[in-house]
Amino acid sequence: MSDAPNQPLRKTDVSAQATLGAADILTKSSEPSILSIEQLNVYIKQLLEGQVGMVWVKGEISNFKAHSSGHFYFSLKDPKSQITAVMFRGHNSRLKFKPTDGMEVIVRGRITVYEPRGNYQLMCEMMEPVGAGALQKAFEQLKAKLKAEGLFESSRKKAIPTFPRHIAVVTSPTGAAIRDILNVLSRRAKSIQVTVVPTVVQGEGAAPQICEALKKAMKLPGVDVVIVGRGGGSIEDMWCFNDETLARLIASSSIPIISAVGHEIDFTIADFVADLRAPTPSAAAELVAKSSGELVNKVKSLERMLHMSFEKKMKHLREKMLGLSKRLVDPKRRLQDLELRNDDLLNRLEFAMNRLLKERSHRVELLTEKLGSPQDLIDEKRKDLQYLKARTEKALLFSIEKKHARMSRLMGILDSLSPLKVVERGYSIVTKNNEVIKSANQVKKGDMIDVRLAQGSLTAVVDSVKGE
């Protein structure tokens, strides 16, 4: 097969002259003839299409490509050979499944030649999988797709109401299914309101009509649950319930939906996505409507159980009351005992109070004797105060005299060290700008100096300076 994309097969208009020329050359001429490529391809096309005709071929699909034009291009192969094939949009639109690489199929078609390239290929008109019908294959493919998306998960399915008041039934108004459903509901629960939303449930356009009817049922006021289904039939009859759009609509419903299609052995995609699958339409009615007789029996059973439980409880309470009554003392006697007990406690309280008062009184007397007269204590403390005052005054005078003597001694020592005493012995103190002159280097000729003498002071001008 060429690497370039396959092109749609088309009939090539070949002139009668080219066609007849090729046939004449190949059949009538005894001499070697030279053909054009066009003549050769036209001749081969006539031979193949005229001699082979319609064929049935089994093989494995490879290099499958769904072109944007809607045509399918692929190869069919077996362990030893392969052939290029094409299936135009008008034929593949009727397929119930999607071909994929590796799928083994049986096809019906014609051999033709694509003249511009000289390639021959199989133009397919019909295809079905090997080992399973086309419808079954389409069913398995859609089932696997929706399962992978999680539409079959039990966690997303809604619970069916235990006691629904309003049920919508989407089915054919003339089929056996609606009669079975209505018979069961009228027998088991006459109080339930039933709304039939009519639709066709078989044929090419049945799936879209079922979707529209289901949408109408979802919009009905007060609907608690919807039953979608039909009676038994072939897989073709029930194929509309394998529609992907219908499956997604059921899965997206906010109202619980029961699928009741066919018999117990029949399964459709609607069964897998519905919130509950009923084996038959009658079974769906039985599942959604509890039997009045069953409810009455259940109520009676609960009533018996309640009565038995009540009797058992009363018996237990009576036994408990008898036990408590035996333990109960005569109230009058109980009051007498409490009065005696009260008198005894009062006597004990009076005795304890009297004893406590006597003990406290005796203790006060002892403390009073031990304390003595307050005036005597005051006089004693006054004498102690006078004694301590006299001692303090004496100690203070002694300390003052001692400090005064020490101060006189220190003043004599300080006076003997005073510079004025040195001056009195004939020395003087020379200063310049209030700074004592200790060295000749501190003054220069012409400086003014102050001289402190024992008697007075004088100011002099330095006439000359001599070093050491």
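Anything mentioned here points back to the structure above.
Residues numbered from 1 in each chain as written. Predicted model: local features only at pLDDT ≥ 70, side-chain atom pairs only at ≥ 80, totals over all residues. Heavy atoms only, no water.

(A) Here's a closer look at the overall build of the chain. Across its full length, the chain holds 13 helices and 14 strands. In terms of overall size, the chain is more extended than a compact globule, its C-alpha atoms giving a radius of gyration of 66 Å where 468 residues would be expected to give roughly 23 Å. The C-alpha extent of the chain, read off along each of the three principal axes, is 180 × 125 × 45 Å. Here the analysis covers contacts within the chain between residues at least 6 apart in sequence; of these, 62% occur between residues at least 24 apart. When the accessible surface of the chain is totalled, it reaches about 32,400 Å², and 56% of it is carbon and sulfur. In the chain, which carries 72 positive and 55 negative side-chain charges, the distance between the mean positions of the two groups comes to 6 Å. (Helix = DSSP H or I, 4+ residues; strand = E, 2+ residues; numbered from the N terminus. Rg over C-alpha atoms; globule rule 2.2 N^0.38 Å. Contact = heavy atoms within 4.5 Å. Areas by Shrake-Rupley, 256 points an atom, 1.4 Å probe, with all protein chains shown as cover. Lys, Arg positive; Asp, Glu negative; His and termini not counted. Charge placed at Lys NZ, Arg CZ, Asp CG, Glu CD.)

(B) Region of the structure containing the layout of surface pockets. By volume, the largest pocket is sized at about 430 Å³. Lining the largest pocket we find 16 residues, and of these K96, L135, W239, N242 and D243 sit closest to its centre. Residue contributions to the lining of the largest pocket peak at 5 residues, all from helix 4 (residues 134–148). Split by residue class, the lining of the largest pocket holds 7 nonpolar, 3 polar and 6 charged. (1 Å grid on protein atoms, 1.4 Å probe; cavity = no way out; pocket = protein on both sides within 12 Å on 5 of 7 lines; lining within 4 Å. Points joined across faces, edges and corners; volume = space filled by probe spheres on them. Nonpolar A, V, L, I, M, F, W, Y, C, P; charged D, E, K, R; others polar.)

(C) Here's a closer look at the sheet that holds strand 13 (residues 448–452). Ordered by their spatial adjacency, 4 strands build an open sheet running 12-11-13-14, and the pairing between neighbours is antiparallel. The open sheet is flanked by strand 12 (435–436) and strand 14 (457–461), the only strands paired with a single partner. Sheet topology note: the strand 11 (residues 429–432)/strand 13 ladder contains 3 bridges and is antiparallel. Of the residues in strand 13, the one forming a bridge with T431 is D450. (Pairing = 2+ DSSP bridges.)

(D) Region of the structure containing the packing of aromatic side chains. Enumeration over the complete set of coordinates arrives at 5 aromatic pairs. On the basis of an interplanar angle of 20 degrees and a centroid distance of 6.0 Å, the ring pair of F267 and F272 is categorised as stacked. On the basis of relative accessible area, F267 is assigned to the partly exposed category, the value being 46%. Here R277 stacks its cationic end above the ring of F267, 4.1 Å away from the centre of that ring. (Phe/Tyr/Trp six-rings, centres within 6.5 Å; stacked < 30°, edge-to-face > 60°. Buried < 20%, exposed > 50% of the residue type's maximum accessible area, 1.4 Å probe, protein only. Lys NZ or Arg CZ within 6 Å of the ring centre and 35° of its normal.)

(E) Looking closely at the packing of helix 6 (residues 206–219) against helix 7 (residues 244–252). Running from N to C, helix 6 and helix 7 point in directions that differ by 15 degrees, and their axes come no closer than 10 Å. When the interaxial angle is binned, helix 6 and helix 7 end up roughly parallel. Both helix 6 and helix 7 take part in a crossing whose hand is left-handed. From helix 6, I210, C211, L214, K215 and M218 reach across to helix 7, where they touch T245, L246, L249 and I250. Partitioned by chemical class, the residues of the contact of helix 6 with helix 7 number 7 nonpolar, 1 polar and 1 charged. (Axes fitted to C-alpha atoms, helices over the stretch in contact; angles between N-to-C directions. Parallel < 35°, antiparallel > 145°, perpendicular 65-115°, else oblique. Left-handed = near helix turned anticlockwise from the far one by under 90°.)

(F) Up close: the sheet that holds strand 4 (residues 104–114). Strand order in the closed barrel formed by 5 strands is 1-2-3-5-4, and the pairing between neighbours is mixed. Pairs of neighbouring strands in the sheet enclose a mean axial angle of 55 degrees, with direction left out of account. With 2 bridges joining them, strand 3 (residues 82–87) and strand 5 (residues 119–129) adopt parallel strand pairing. Residue pairing in the sheet places V86 in a bridge with M123 of strand 5. Against the sheet, helix 2 (residues 37–51) makes contact with strand 4 and strand 5, and its axis sits at roughly 140 degrees relative to strand 4, the strand it touches most.

(G) Quick peek at the pairing of strand 8 (residues 225–230). The buried fraction of strand 8 is high, at 6 of 6 residues. Residues V225, I227 and G229 line one face of strand 8 and the alternating positions V226, V228 and R230 line the opposite face, and both faces are buried. The pairing of strand 6 (residues 166–171) with strand 8 spans 4 bridges and is parallel. Of the residues in strand 8, the one forming a bridge with V169 is I227. Both strand 8 and strand 9 (residues 257–261) contribute to a ladder of 5 bridges, which runs parallel. Considered in strand 9, the bridge of G229 is made with A260.

(H) Spatial organisation of the side chain of S62. In this fold, S62 is placed in strand 1 (residues 54–66). Looking at S62, the relative accessible area reads 10%, which means it is buried. When near neighbours in sequence (up to four residues on either side) are disregarded, S62 contacts F74, S75, K77 and D101.

(I) Representation of unusual backbone geometry in the model. Of note, N433 is a non-glycine position whose phi angle comes to about 55 degrees, a positive value. In this structure, N433 sits in the loop between strand 11 and strand 12. You can call N433 exposed: its relative accessible area is 68%. For N434, which is not glycine, the phi torsion reads 65 degrees and is therefore positive.

(J) Summary view of the pattern of salt bridges. Inspection of the entire model under this criterion finds 10 salt bridges. Close ionic contact of R248 with E149 constitutes a salt bridge, the shortest N to O distance being 2.7 Å. Placement of the pair is R248 in helix 7 and E149 in the loop between helix 4 and strand 6, with a sequence separation of 99 residues. A relative accessible area of 41% places E149 in the partly exposed class. The salt bridge involving R248 is made with E244; its shortest N-O contact spans 3.0 Å. Of this pair, R248 and E244 both sit in helix 7, 4 residues apart, roughly one helical turn. Overall, the relative accessible area of 31% leaves R248 in the partly exposed class. Where salt bridges share partners, they join K145, E149, E244 and R248 into one cluster. (Salt bridge = Lys/Arg side-chain N within 4 Å of Asp/Glu carboxyl O.)

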